[in-house]
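Here's the letter readout for the chains.
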Amino acid sequence: MKNANIAVGLLSATVFCLTFSAAATAADVNKLIEPCTACHGKDGNTTEADVPNIAGYSVEYFASAFKKYNKQERPCVETEVRSGSGKGTKTDMCKSIKDLSEGDLNQIAEYFAGKTFVRTAQTTDPALVKKGKSIHEKKCENCHSEAGSFPSDNAGMLGGQKMSYLKSQLKLFREGKRPMTKKMKPKLESLDDAEIEAVVHYYGSIQ
Ligand code: HEC
Ligand code: HEC
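Asker: Can you help me understand the coordination of the iron atom of ligand 2 in this one?
Answerer: For the iron atom of ligand 2, the full set of protein donor atoms is H144 (NE2) and M184 (SD), at a range of 2.0 to 2.2 Å. Seen from the iron atom of ligand 2, its six donor atoms lie at angles of 84 to 179°, and the figure they make is octahedral. Residue H144 is located in the loop between α5 (126-139) and α6 (145-148), and its partner M184 is located in helix α8 (residues 184-189); the two are separated by 40 residues in the primary sequence. A residue is classified by how much of its surface remains accessible, and H144, at 12% relative accessible area, is buried. For M184, a relative accessible area of 23% gives the class partly exposed.

Asker: Can you walk me through the environment of I97 in this structure?
Answerer: Mapped onto the elements, I97 comes out in helix α3 (residues 93-97). What I97 contacts, discounting residues up to four positions off in sequence, is F66, Y69, N70 and L105.

Quick notes on the rules
- Residues numbered from 1 in each chain as written.
- Chains lettered and ligands numbered in written order.
- Predicted model: local features only at pLDDT ≥ 70, side-chain atom pairs only at ≥ 80, totals over all residues.
- Heavy atoms only, no water.
- Donors = N, O, S within 2.8 Å, 3.2 Å for Na, K, Ca; no water.
- Tetrahedral: all angles 85-135°; square planar, octahedral: opposite > 155°, others 65-115°.
- Helix = DSSP H or I, 4+ residues; strand = E, 2+ residues; numbered from the N terminus.
- Buried < 20%, exposed > 50% of the residue type's maximum accessible area, 1.4 Å probe, protein only.
- Contact = heavy atoms within 4.5 Å.

Spelled out as structure tokens, the structure:
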């Protein structure tokens, strides 16, 4: 009986601590994500055409993207703050994360991973969409499954992502400025400009 009481006491102390630390973390994370949402929108979805939606990406993909930006393996495109007090300030992704600790970045990743990716409605050409779908199924779906919408592929979110963002990243891949996995390289390099345009329309058409 006595032992059982001690166990209950310990259990409620543990529950109290967990609740307390969860509350503290929630407060911190809101501060941490504030600069991100000034560009990526509330909860990681934005109407800015050149800024990718980042809600619902996997924690693993975030960690890997942060690492690539930090090591400057992946180019940081110059951009500007879209809303809030810093609106109009020129900056980029490398600068946006360089002062954050691994723990902070992990909290930020978990926060956005827990939000829902909103597919952006965009104007697409039906003929290009059809052509792009067939290219995607042959050359891309293996790694970008569910029309490039499966977070656990850890390969970005392509379906319903901003077409302008996809276009600029595909250009960086093809120019050798952003690294890609060995197996994606030959697939992407086999596409001509018109086929690239077609896959972008296909991803833009996913709703
Ligand atoms: C000033 C605007 C701005 C701020 C602030 C900003 N971002 Fe970005 N972010 C961008 C743009 C533009 C891109 C795409 C171009 C690039 O990769 O440089 C991007 C790309 C990304 C990507 C890559 C998405 C992909 O599909 O690979 C991630 C992840 C990301 N941002 C997360 C964050 C997080 C987390 C924060 C806050 C710590 C943040 N961003 C702050 C504008 C911003
Ligand atoms: C062998 C697996 C593989 C194949 C095949 C592949 N990809 Fe990828 N792709 C990846 C991975 C992994 C990433 C994430 C790269 C990173 O972390 O920087 C990626 C990233 C991308 C991105 C950037 C996503 C973002 O959010 O920034 C685009 C766009 C893309 N792939 C398009 C394609 C297209 C189009 C094809 C077909 C022609 C293709 N990929 C084929 C594995 C693949």
